[in-house]
Amino acid sequence: MIKKIHITCLLFLLLATSLMILEGPVTAEDAGDELVEFPVPPPPFSEGIFPCSNCHAGMEVNTTKRELEFHQNIKLKHFDGWCFDCHNPDDRDTLRLASGKVISFKESEFLCGQCHGTIFRDWKAGVHGKRTGMWNGRKEYRLCVHCHWPHAPRFKPIKPLPPPVRPDDIKYRKLRPEEIPSNPLEEILRGEKR
Amino acid sequence: MPGRDEKNNPGFRLIDRRGFLKGAALGLMSMALPHRSDASFWEGFFQKHFREMNSEEIREVIKRLEKEYKEKYKVDFNIKTTKPLPGVLFGYGLDISRCIGCRRCVYACVKENNQSRDPQIHWITVLRFRKGEKWVSNLEEADKYYYPDRVPEEGYFYVPVQCQQCENPPCVKVCPTQATWKERDGIVVIDYNWCIGCRYCMAACPYGARRFNWGEPRIRREEINPNVHYLGNRPRYRGVVEKCTFCIQRTREGRYPACVEICPVGARKFGNLLDPKSEIRYCIEKKRVFRLKEDLNTFPKFYYFFAI
């Protein structure tokens, strides 16, 4: 079974490549190793939390693992670590890699990529996570943290949109314009921001 | 089946032109055709096959359609006829290990592609299967009406199905009027002005991906997408067949399909199969991909895979 699948895929690729020789490929922009900056929307901070230095500048740094009296919404449910595996004690407005390299919140994927190498590779290729824009041109990526809350990263379940109407329930009736049902998409998108 | 609406279904006019139902039909024709004198109707009746028209003739048809749509929908449409891009063969990937069955793709497609809201038409159907269930051979028995409070649900997985854009499309072969065909970029298209609504293509499609307009399609005026392609999301007529075109109006201009952009989990991948650097080629080369009903030799360009 698997073997057959592979053979048909291969045949198809062969066909595709032969076509390519005839017409020349239209290449996507190099989303590979050379590309170091990935265009992304702004990080999804809660309102009023950034810049962190508004509070943390001049505040004592306490690196001990403990129950916090502030940031009560953060309960670590990730690997067995602590805030400063990711955050930078010397400048709270930035993140810090294991190598000591300081990065901005706009490129937090490099932080996650340290421990999730295969996923990071897929992400760069546009296969884990998602990209929007042009399939043959400029693309916008989504940060890992647009989909995964870094402190408890399991993807959260969401509300589905309605199922299709069953064939027996479809009525061929005359409708006044205001009776035409509207698309439920807009309403649900208004309620959530990812 | 509701009666035909001669006034709004130009496909009806084809009976004469293609000699389909020859003879017997001719007698009926003079009765069935409305006695209309307006030029637009008769121009439509004698419209050539889309692929046989020169650019001047296409421009004329587009002008006529824009006028018709304006009268009917009170909306200014921009009907494009963008050609396939050279060196492009479109392919689609769907990561079943990520899909959560939320149906946002279904309704983003409805919005982008002007599907009828009532009677309801959806080009994408999301099927739900129990984990561990034998399923690839069993698409017809899957549950498409699930509606829990939250998705994903424990113990289930989800498989969205839409037109698979076969390299070897059975639907095209059975069409008696050549109203549906495969374009050079691999998209299977339908000319709604040539479709006579016989639905042979629907019977031939192994994926149940084609939809029929049993009634007059209806959309709220403010929800109409006026940016359309002649072979894609332009308004349809009662009595014609429609289906997914990989968002031909977007993808031929380099944009991603609407379902790819809406997907909250990033399960949907799209690109040029001829470009070794495209995300779809990455999927095919690095993931375990398969296609639905491979044994039928339809060679879909819609690849399913499990990233994990």
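Quick caveat: nothing in here was measured; it's all calculated off a predicted structure.

(A) Local environment of the overall build of chain A. Assigned secondary structure in chain A consists of 6 helices and 4 strands. The N-to-C order of helical and strand elements in chain A reads α-α-β-β-α-α-β-β-α-α. Intrachain contacts of chain A at a sequence separation of at least 6 include 48% that bridge at least 24 residues. Of the accessible surface of chain A, which amounts to about 13,000 Å², a share of 59% is contributed by carbon and sulfur atoms.

(B) Region of interest: the interface of chain B and chain A. Taken together, the 75 residues of chain B in the interface contact 65 residues of chain A. Where chain B abuts chain A, roughly 6,100 Å² becomes buried across the two surfaces, and 60% of that area is made up of carbon and sulfur atoms. Considering only the surface of chain B that becomes buried against chain A, Arg104(B), Tyr107(B) and Tyr145(B) emerge as the three largest contributors, covering 12% of it. A salt bridge links Arg131(A) to Glu279(B); its shortest N-O distance comes to 2.6 Å. At the boundary of chain B and chain A, one finds 26 residue pairs in polar contact (both at pLDDT 80 or more). Those elements giving two or more residues to the side of chain B that touches chain A turn out to be helix H5 (104-112), helix H9 (258-262), strand S10 (268-272), helix H10 (279-286), strand S11 (288-290) and strand S12 (302-306) of chain B. Ranked by residues supplied to the side of chain B that touches chain A, first place goes to H10(B) with 7 residues. When the residues that make up the side of chain B that touches chain A are grouped by side-chain class, the tally is 37 nonpolar, 9 polar and 29 charged.

(C) Structural context of the packing of aromatic side chains. Tallying each qualifying case throughout the model produces 28 aromatic pairs over all chains. Summarising the aromatic geometry, the rings of Tyr69(B) and Tyr73(B) are spaced 6.0 Å apart at their centres and angled 70° between planes, so their arrangement reads as edge-to-face. With Tyr69(B) and Tyr73(B) both in helix H4 (residues 55-73), this residue pair falls 4 residues apart, about one helical turn. Tyr69(B) sits in the buried class, given a relative accessible area of 2%. Counting every residue linked through ring pairs, the aromatic cluster contains Trp135(A), Phe90(B), Tyr92(B), Phe246(B), Phe270(B), Phe290(B), Phe302(B), Tyr304(B) and Phe306(B). For Arg166(A), the ring lying beneath its charged end belongs to Tyr145(B), and the centroid distance is 3.9 Å. Its guanidinium or amino end placed over the ring of Phe212(B), Arg199(B) lies 4.9 Å from that ring's centre, counting from NZ or CZ.

(D) Here's a closer look at the sheet that holds strand S2 (residues 90-95) of chain B. All names here are of chain B. Pairing in this open sheet of 4 strands is mixed, and the strands run S10-S2-S12-S11 from one edge to the other. Looking along the sheet, the strands with just one partner apiece sit at the ends: S10 and S11. Ignoring strand direction, the axes of neighbouring strands in this sheet form an average angle of 30°. Sheet analysis places S11 next to S12, joined by 3 bridges and oriented antiparallel.

(E) Spotlight on unusual backbone geometry. The omega torsion of the bond from Phe50(A) to Pro51(A) falls at 0°, within 30 degrees of zero and hence cis. Following the sequence through the fold, Pro51(A) ends up in the loop between helix H1 (2-23) and helix H2 (53-56). The omega torsion across Val151(B) and Pro152(B) is 0°, close enough to zero to call that bond cis. Examined against the element boundaries, Pro152(B) turns out to sit in the loop between strand S3 (125-130) and strand S4 (156-161). Phi is positive for Asn114(B), which is not a glycine, with a value near 55°. Taking relative accessible area as the criterion, Asn114(B) reaches 5% and is therefore assigned buried. Unusually for a residue other than glycine, Gln178(B) sits at a positive phi of about 55°. Tracing the backbone shows Gln178(B) in the loop between helix H6 (170-174) and strand S5 (180-182). Looking at Gln178(B), the relative accessible area reads 42%, which means it is partly exposed.

(F) Representation of the nonpolar core within the structure. Within the largest apolar cluster, 86 residues are counted, with the highest numbers of intra-cluster contacts made by Trp135(B) and Tyr304(B). A per-element tally of this core places H4(B) first, with 6 residues. A domain-level breakdown of this core finds at least three residues from each of domain 1 (17-80) and domain 2 (81-308) of chain B. Counting 12 residues, the second-largest nonpolar core is a separate cluster that includes Ala125(A), Leu89(B), Leu273(B) and Leu274(B).

(G) Here's a closer look at H10(B). Burial analysis of H10(B) places 6 of its 8 residues in the buried class, which makes it a mostly covered element. Within H10(B), the full set of buried residues consists of Glu279(B), Ile280(B), Arg281(B), Tyr282(B), Cys283(B) and Ile284(B).

(H) Quick look at the domain arrangement of chain B. Residues and elements named next belong to chain B. Entries for chain B in the domain assignment read domain 1 (17-80) and domain 2 (81-308). Both faces combined, the contact of domain 1 with domain 2 buries some 2,500 Å², and carbon together with sulfur accounts for 60% of it. Here domain 1 is connected to domain 2 by 2 salt bridges. Where Lys72 meets Glu216, a salt bridge forms, and the shortest distance between an N and an O atom there is 2.9 Å.

(I) Structural view of the pattern of salt bridges. Tallied over the entire structure, the rule returns 32 salt bridges over all chains. For Asp80(A), the salt bridge identified is with Lys65(A), shortest N-O distance 3.2 Å. Highlighted residues: Asp80(A) in the loop between H2 and strand S1 (95-96) and Lys65(A) in the loop between H2 and S1, separated in sequence by 15 residues. Each of the two residues, Asp80(A) as well as Lys65(A), counts as exposed. Note that Arg59(B) is salt-bridged to Glu56(B), the shortest N-O span being 2.8 Å. Here Arg59(B) and its partner Glu56(B) are both found in helix H4, 3 residues apart, which amounts to about one turn of the helix. For Arg59(B), a relative accessible area of 52% corresponds to the exposed category.

What counts and what doesn't
Residues numbered from 1 in each chain as written. Chains lettered and ligands numbered in written order. Predicted model: local features only at pLDDT ≥ 70, side-chain atom pairs only at ≥ 80, totals over all residues. Heavy atoms only, no water. Helix = DSSP H or I, 4+ residues; strand = E, 2+ residues; numbered from the N terminus. Contact = heavy atoms within 4.5 Å. Areas by Shrake-Rupley, 256 points an atom, 1.4 Å probe, with all protein chains shown as cover. Buried area = accessible area lost by both parts, 1.4 Å probe. Salt bridge = Lys/Arg side-chain N within 4 Å of Asp/Glu carboxyl O. Polar contact = N/O pair within 3.5 Å; in protein donor to acceptor, adjacent residues only side chain to side chain. Nonpolar A, V, L, I, M, F, W, Y, C, P; charged D, E, K, R; others polar. Phe/Tyr/Trp six-rings, centres within 6.5 Å; stacked < 30°, edge-to-face > 60°. Buried < 20%, exposed > 50% of the residue type's maximum accessible area, 1.4 Å probe, protein only. Lys NZ or Arg CZ within 6 Å of the ring centre and 35° of its normal. Pairing = 2+ DSSP bridges. Axes fitted to C-alpha atoms, helices over the stretch in contact; angles between N-to-C directions. Core = buried A, V, L, I, M, F, W, Y, C linked by side-chain atoms within 4.5 Å. Domains from an automatic or database assignment.

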